Amino acid sequence: MLQAIDLRKRYDEVQALDGFSLEVAAGEIVGLVGHNGAGKTTFVEMVSGLLRPDSGTVLVDGVSPTRARDRIGISPQHIALYRPLTVREHLELYGRLAGLRRAALRSAIDDLTAALRLESFLNRTCGLLSGGQQRRAQAATALVHRPALLLLDEPTAGADPETRQALLDVVKQRAGEGAAVVYTTHYLTELTDLQATIAVAAEGRVIARGAADELLSGLPGEVRVRTADEQLTVSTTDPTGTLLELLPTVARPVESVELRNPSLDDLYHSLAVTDVDAH
Ligand SMILES: Nc1ncnc2c1ncn2[C@@H]1O[C@H](COP(=O)(O)OP(=O)(O)OP(=O)(O)O)[C@@H](O)[C@H]1O
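Predicted model only: the values in this text are computed from it and were never measured.

So, on to the domain arrangement of the chain. Per the domain assignment, the segments making up the chain are domain 1 (2-215) and domain 2 (217-278). Using only C-alpha atoms to locate each centre, domain 1 and domain 2 end up separated by 34 Å. With 13 residues of domain 1 in contact, the opposing surface of domain 2 contributes ten residues. Elements with a contribution of two residues or more to the side of domain 1 that touches domain 2: strand E8 (197-202), strand E9 (205-211) and helix H7 (212-216). The element that contributes the greatest number of residues to the side of domain 1 that touches domain 2 is H7, accounting for three residues.

This is how it looks when you write it as structure tokens:
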């Protein structure tokens, strides 16, 4: 559904994309992860047709992004809503732009209002909404026309747990119906919940791609055991097994036990990915 091949983009002295390639199949959710500045948003903007590459190719359903506009839904990282318009007016506008009319448009808005719990602020102007409500409205504009390709750039940033879960559920449902999804996030748990495959971006390209279990298997997590007298921290690829071995050897009473599975940071570390913003 999406093919991006060897994309390059330079801003003055910054090489934002440097040979970025990624393919996403229909029905697949790809979690696009990486440190700040890795090129994720630049990539998403290029696929949505907002930004032209210096070189390389993007094909959405076999055609250029500008010719596939009505098949793409984008929820940008930075909120981009028209302050004087209501949420309903946004959904009508985005639905109409993609060719939805009358009963089909009404039913699409009703479905999404229920799924993303927009009822209580559907008729309020967007400029007056809370940050989390704006986030939900923004995601809804990407989803209303049931696009074949969904580009969701940190769609849950600043969202409360209920909003986050509602959005994850809709994304899973849409992928189940055949949509290809690119989902950028800094939260591994969201990608586990979405059963997403993972693409790790660093310095303008994808440096690792695969199932989350494959990429994370073999990486050490941690076991922490705290007693009244000491705190033990052990790095291990098998936190549960290590805990069972450790427990009989520590002095009682045990005050707390903590298991930490491998995180995205552990993955970046294993790939020797540096945080470009830190330099
Ligand atoms: N309009 C622009 N002008 C100049 N530099 C830019 C512009 N947009 C992005 N960049 C630079 O390109 C690089 C990639 O930025 P991008 O926003 O794509 O990263 P990202 O992976 O989305 O980061 P984050 O996780 O912080 O959202 C960064 O070094 C950024 O400073």
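We now examine the sheet that holds strand E10 (residues 221-227). The sheet built from three strands is open, its strands ordered E11-E10-E12 with antiparallel pairing. Two strands close off the open sheet at either side, each with one partner strand: strand E11 (231-236) and strand E12 (254-260). Here the strands of the sheet are splayed against their neighbours by 10° on average, with no regard to which way each runs. Both E10 and E11 contribute to a ladder of six bridges, which runs antiparallel. Across the sheet, the residue bridging to Glu-222 is Ser-235, located in E11. This element, helix H8 (residues 239-246), spans E10, E11 and E12 of the sheet and lies at about 30° to E10.

What follows deals with helix H5 (residues 161-176). Under the 1.5 Å per step criterion, the end-to-end length of H5 is 22 Å for 16 residues, consistent within 8% with the ideal 22 Å. Buried within H5 we find Arg-164, Ala-166, Leu-167, Val-171, Arg-174 and Ala-175. The buried residues of H5 all sit within an arc of 170° when viewed along its axis, so they share a single face. Residues of H5 that are exposed and point more than 90 degrees away from the buried face comprise Pro-161, Glu-162, Gln-173 and Gly-176. If you follow the buried residues of H5, they end up packed against strand E3 (29-33), helix H3 (102-115), helix H4 (131-143), strand E6 (149-153), strand E7 (180-184) and helix H6 (188-194). Looking at the residues trailing H5, positive phi occurs at Gly-178, about 115°.

This next bit is on the site of the ligand. Taken together, Tyr-11, Val-14, Ala-16, Gly-34, Asn-36, Gly-37, Ala-38, Gly-39, Lys-40, Thr-41, Thr-42 and Gln-77 make up all the residues around the ligand. Among the secondary structure elements, those contributing two or more residues to the shell around the ligand are strand E2 (14-24) and helix H1 (40-47). When residues of the shell around the ligand are assigned to their parent elements, the largest contribution, three residues, is made by H1. A class-by-class count of the residues in the shell around the ligand yields four nonpolar, seven polar and one charged.

Turning next to the environment of Tyr-94. Tracing the chain through its elements places Tyr-94 in helix H2 (residues 87-97). Since 21 C-beta atoms lie within 10 Å of it, Tyr-94 is described here as buried. Remark: the alpha-carbon pair of Tyr-94 and Leu-232, spanning 138 residues in sequence, is separated by 55 Å. Contacts of Tyr-94, omitting those with residues within four sequence positions, involve Thr-141, Val-144 and His-145.

The next point concerns the nonpolar core. Of all hydrophobic cores here, the largest spans 69 residues; its most connected members are Leu-149, Val-181 and Tyr-183. A domain-level breakdown of this core finds at least three residues from each of domain 1 (2-215) and domain 2 (217-278).

Between its first and last C-alpha atoms H4 spans 19 Å; for 13 residues at 1.5 Å apiece the expected length is 18 Å, and the two agree. With respect to burial, H4 is a largely interior element, ten of its 13 residues being buried. Looking at the buried positions of H4, the neighbouring elements they touch are strand E5 (72-75), H2, H3, E6 and H5.

It is worth spelling out the UniProt feature "domain: ABC transporter" (unreviewed entry) in the chain at this point. When the UniProt feature table is mapped to this numbering, "domain: ABC transporter" (unreviewed entry) covers residues 2-228. For residues 2-228, the helix share is 33%, the strand share is 29%, and the end-to-end C-alpha distance is 55 Å.

With that settled, consider the sheet that holds strand E4 (residues 55-60). Taking strand neighbours across the sheet as the criterion, the three strands line up as E2-E1-E4 in an open arrangement whose pairing is antiparallel. The two strands at the open ends of the sheet, each matched to only one other strand, are E2 and E4. In this sheet, neighbouring strand axes are inclined to one another by 20° on average, regardless of whether the strands run parallel or antiparallel. Here strand E1 (residues 2-11) pairs with E4 via five bridges, running antiparallel.

The next subject is the environment of Val-223. As for its placement among the helices and strands, Val-223 is situated in strand E10. A count of 23 C-beta atoms within 10 Å places Val-223 in the buried class. Separated by 183 residues in the primary sequence, Val-223 and Lys-40 have C-alpha atoms spaced 32 Å apart. Once residues lying within four places of it in the same chain are set aside, the contact partners of Val-223 are Val-234, Thr-236, Pro-239, Thr-242, Leu-243, Leu-246 and Leu-259.

What counts, and where the lines are drawn
Residues numbered from 1 in each chain as written. Predicted model: local features only at pLDDT ≥ 70, side-chain atom pairs only at ≥ 80, totals over all residues. Domains from an automatic or database assignment. Contact = placed C-beta atoms within 7 Å. Helix = DSSP H or I, 4+ residues; strand = E, 2+ residues; numbered from the N terminus. Pairing = 2+ DSSP bridges. Axes fitted to C-alpha atoms, helices over the stretch in contact; angles between N-to-C directions. Expected span 1.5 Å × (residues − 1). Buried ≥ 20, exposed ≤ 12 C-beta atoms within 10 Å, placed from the backbone. Arc of directions from axis to C-beta. Near = placed C-beta within 6 Å. Nonpolar A, V, L, I, M, F, W, Y, C, P; charged D, E, K, R; others polar. Core = buried A, V, L, I, M, F, W, Y, C linked by C-beta atoms within 7 Å. UniProt positions renumbered as here; feature names shortened; annotations may be inferred.

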